[in-house]
Amino acid sequence: MTKQRVLIPGGAGYIGSHIVLCVLLTRKYTVTVVDNFHNSFPESMTRVSQIARDELPADASQEDKDACTVDVVKGDMRDAKVLDGIFADYKQKGDAIWSVILVAALKAVGESGEIPIDYYEVNVSGLITLLRVMQTHEVTRLVYSSSATVYGIPKTIPIPESTPLAAESVYGRTKQMSELIIKDVCDAYPKTWRAIGLRYFNPAGAHPSGLIGEDPVGKPGNLLPLLAQMAVGKYRDPGLRVFGDDYPTPDGTCVRDYIHIMDLAGGHVNALEALDDDAKFKDTPTPGKYKAYNLGKGKGMSVLQMIDAMRKVSGYEYPYKVEGRRLGDVPDLTADPTLAEKELGFKAKYNLDDMASSLWNWQSKNPKGYTGQ
Ligand SMILES: NC(=O)c1ccc[n+]([C@@H]2O[C@H](COP(=O)([O-])OP(=O)(O)OC[C@H]3O[C@@H](n4cnc5c(N)ncnc54)[C@H](O)[C@@H]3O)[C@@H](O)[C@H]2O)c1
């Protein structure tokens, strides 16, 4: 069977590297990654190829073995020339790109309010540049990394996709705008374009091999990588701050929907397959073939539960202090994942212990991340 080529901008990062792996493991696709390594390292791609090769059955063909190598282009997705060159090169080789999974973005909610121009430039202008080049090369299948932040402060928990989009932060607005732009493109070209937006809740954990995982540049912005780095001593925060313990949640701290990274990454394979099935788009409210799905577990976990889960696996007693509520924090952000389950065949199967133990496996084997520094 001929393999189809998938271009993954941002594929070297935390979520991207696990997506690349899941896509390769289907043995139906080959992968090209374009990344400027703003928040990642090329080493992640070498390791993904190694895992993919290790997981092949003993009688795998040479073609399958070769297909485990990720083609990596160092480049910025805001640069139309770079993107155009990639699409043109593969077309010329008779290996045209079949679809795109757009993962690249700037992603820190707090930072987005401090440097909004950068966030709009990368997340929104970068998307437009990509869409233009895709249109020129008649590549009209897209899976897009969206985020639960598009819901802002939702009225209904668990959150269904029908919730009005009302992002509260600059980052969230870049995701909300991007979804609207993609939907408009799908509406304008209903015969050719098909796109799926995946609204991630809180990805956590790492591939069970411990070869790939989250290795942010600088201080981690998210709770779990921070806890993991504290336990190995890479990052010693004298006062881990828990913002608010008087929320209407079981232990008073904020509740989030943590989903194992391998479950989340697997959802992209479901989405790629759906892009080839027009029946999946038959009930869209507008003529275009654009759909958005939540990728979550549908189970909320509190900040204190996460600290406890990481304490159990690492043995590290986290010093923390409770402070007042942080502006903009929502008590509970738990997904309703039933639409993705019903329509995409997506199902999150890992639990909290799997997330904590795989994260600890990665961090303890790579205390200083990919580069050892
Ligand atoms: N991590 C989360 O909690 C979370 C939650 C919801 C949505 N998301 C979304 O998922 C996606 C991936 O997030 P992640 O956690 O893996 O982040 P990450 O920073 O690890 O990955 C993003 C990747 O994009 C690359 N990149 C950034 N700007 C680029 C540019 N201009 N050109 C080319 N490459 C560029 C980075 O170097 C990095 O490899 C993002 O779109 C993010 O908004 C993440």
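The structure this text deals with has already been given above.
Computed from a predicted structure; not experimentally measured.

Here we look at the packing of aromatic side chains
Counted by the stated rule, this structure contains five aromatic pairs. Their ring planes at 85° and their centres at 4.8 Å tell us that Y316 and Y318 sit as a pair that is edge-to-face. The exposure classification of Y316 matches that of Y318, with both residues buried. Among the aromatic residues, those joined into a cluster by ring pairs are F41, W362 and Y370.

A word on the side chain of S314
As for its placement among the helices and strands, S314 is situated in helix α10 (residues 303–314). According to the relative accessible area criterion, S314 is buried, its value standing at 18%. Setting aside residues no more than four positions away along its own chain, S314 makes contact with A231 and W360.

Things to note about the site of the ligand
Neighbouring residues of the ligand: 29 residues in total, closest D35, N39, S40, V103 and Y171. One nitrogen or oxygen atom from the side chain of D76 is found 3.0 Å from a nitrogen atom belonging to the ligand. A distance of 2.8 Å is found between an oxygen atom of the ligand and a side-chain nitrogen or oxygen belonging to K107. Surface burial for the ligand is 96%, taken as the share of its 820 Å² of free accessible area covered by protein chains. Put simply, the parts of the chain that give the shell around the ligand at least two residues each are α1 (14–25), β5 (141–147) and α7 (170–188). The element that contributes the greatest number of residues to the shell around the ligand is β5, accounting for three residues. Among the residues forming the shell around the ligand, the class breakdown is 13 nonpolar, 11 polar and five charged.

What counts and what doesn't
Residues numbered from 1 in each chain as written. Predicted model: local features only at pLDDT ≥ 70, side-chain atom pairs only at ≥ 80, totals over all residues. Heavy atoms only, no water. Phe/Tyr/Trp six-rings, centres within 6.5 Å; stacked < 30°, edge-to-face > 60°. Buried < 20%, exposed > 50% of the residue type's maximum accessible area, 1.4 Å probe, protein only. Helix = DSSP H or I, 4+ residues; strand = E, 2+ residues; numbered from the N terminus. Contact = heavy atoms within 4.5 Å. Near = heavy atom within 4 Å. Polar contact = N/O pair within 3.5 Å; in protein donor to acceptor, adjacent residues only side chain to side chain. Areas by Shrake-Rupley, 256 points an atom, 1.4 Å probe, with all protein chains shown as cover. Nonpolar A, V, L, I, M, F, W, Y, C, P; charged D, E, K, R; others polar.

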